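Structural overview
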Amino acid sequence: MSNKKMNTLAVTKYNFYYTHYPTFASGLKIDLKQQTIREPAENFDLELTSKVDTSKIAFYSDCKAITTYNYYLTLKFYNYLHDFCNKYCYEVIVKALIFVDGHREEQTLFWIAKNRISDKIQFKGTYVLNLSTVNNYNLYIRRYKGAEPIQNAITLEDSVGSMLLNTGAYSDIVLKVGDTILHAHKMVLSQKSEVFKRMFAHQMTESENGVVKIDNLDVEVVEEMLSYIYTGRADNVAEMPQKLFEAAHRYELSELQDLCEEYILFSFNDQNVMEILEIANLYDLTALRTGIITFVEKGEKKLILDPDFQNFLCRSLKINNAVETLLLIHRYKEILKDIEKETFKFIKEHDEQMMKRVEFIKLFESHPNLIKQIFIYIYEIKTLSKLSKSSSNGSSSSNSFD
């Protein structure tokens, strides 16, 4: 089976496809509202217009006009993920289905790609076309990250993996999930999972008995995990990203964790923010937590007023997210007064560790008043502590004279 990491969210198909039948006007106009890029889902608006460049019309002997068009294309997204998603690239291809010598063929008008750095991506350029030959236009959009995606066919290795998984042929270990038995292969499991590798290498009970008991995971989740291990694909990840992430984390399947995290990120909204924040906190997913906090700040400020969200900020305080919480408090000081005290207390208790954090040191320059408040708090706490001890000692002394 292939160990290559999938750098694209759509290997064998486009995330979005749209067909437009022209009215044979002097240009092209497509206006789409609330469309969806799949895998994982992301809503967007699209506006594409093209106009004839009158200075570049060429006529040939058969009286056909070859026309140059200037096009302008805008993608507008409905979520607040662009601060997190600048590693994603959005590729747009527009093709015309044209008649040539009595048969149809596709002509690519333009093929462009850009990274997302705001809530909009805008493209512009030119293309050349004989409009009279056009039957319809096809619009494709693909979102991916990393290197340029390659259209992969299913390899022989993947086919063998599917065969082994589906038939259970030559199985030498079984996974027991509740009352369900799933046949598997030690070598295959060990190749992808360090947990299984350690389990089978050290003559643990599971290895000797030939049975691995899996608790607290649904059968469907374990089956999807096995599908990924054997074939490199998890076709149903969109239906169970959080549960599948838990399984991937338990068995140290880092690439599957990354895939699930992407789906979790693109799926969050104001209805499930708290649930996903809990996941980010539980598994220490700093990037995911940061992306959600950005969403809260930019798109759902009403959540700042939510007591559950405020309680979460207190419960989730860690060395690696304390500065993020401080900045949130700084922006919503009046609303988050109680959280401010808890955060200052946390910093006091972990002062040596905090002073080693670069992002905390930077606050001395970027937010001097915030640092001043922290030091005042620490000073007042220490002063009260000394006064309390002094008072206690005084009481003990007076009692001794009685």
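First things first, this report covers the structure right here in the doc. (Residues numbered from 1 in each chain as written. Predicted model: local features only at pLDDT ≥ 70, side-chain atom pairs only at ≥ 80, totals over all residues. Heavy atoms only, no water.)

**Considering empty space enclosed by the protein**
- In total, this model carries one cavity of 30 Å³ or more according to the counting rule given.
- The calculated volume of the largest cavity comes to roughly 50 Å³.
- As for the largest cavity, its lining consists of Ala280, Asn281, Asp284, Leu285, Thr286, Arg289, Lys318, Asn320 and Asn321.
- Listing elements by their share of the lining of the largest cavity, those giving two or more residues are α8 (273-282) and α9 (286-299).
- Of the residues contributing to the lining of the largest cavity, the split by class is two nonpolar, four polar and three charged. (1 Å grid on protein atoms, 1.4 Å probe; cavity = no way out; pocket = protein on both sides within 12 Å on 5 of 7 lines; lining within 4 Å. Points joined across faces, edges and corners; volume = space filled by probe spheres on them. Helix = DSSP H or I, 4+ residues; strand = E, 2+ residues; numbered from the N terminus. Nonpolar A, V, L, I, M, F, W, Y, C, P; charged D, E, K, R; others polar.)

**Some points on the side chain of Ser316**
- Its place among the elements puts Ser316 in the loop between α10 (307-315) and α11 (322-331).
- Ser316 sits in the buried class, given a relative accessible area of 0%.
- Those residues in contact with Ser316 that sit more than four places away from it in its chain are Asn281, Arg289 and Asn321. (Buried < 20%, exposed > 50% of the residue type's maximum accessible area, 1.4 Å probe, protein only. Contact = heavy atoms within 4.5 Å.)

**Description of the environment of Gln191**
- Along the chain, the position of Gln191 falls in helix α2 (residues 186-192).
- Classification of Gln191 by relative accessible area gives partly exposed; the value is 43%.

**What about the pairing of strand β10 (residues 173-177)?**
- Most of β10 sits inside the fold, with four of its five residues counted as buried.
- Pairing between β10 and strand β11 (residues 180-184): five bridges, direction antiparallel. In the strand pairing of β11, Val177 is matched with Thr180.
- As consecutive antiparallel partners, β10 and β11 are separated by two residues, and within that stretch Gly178 has a phi angle of approximately 65°, a positive value. (Pairing = 2+ DSSP bridges.)

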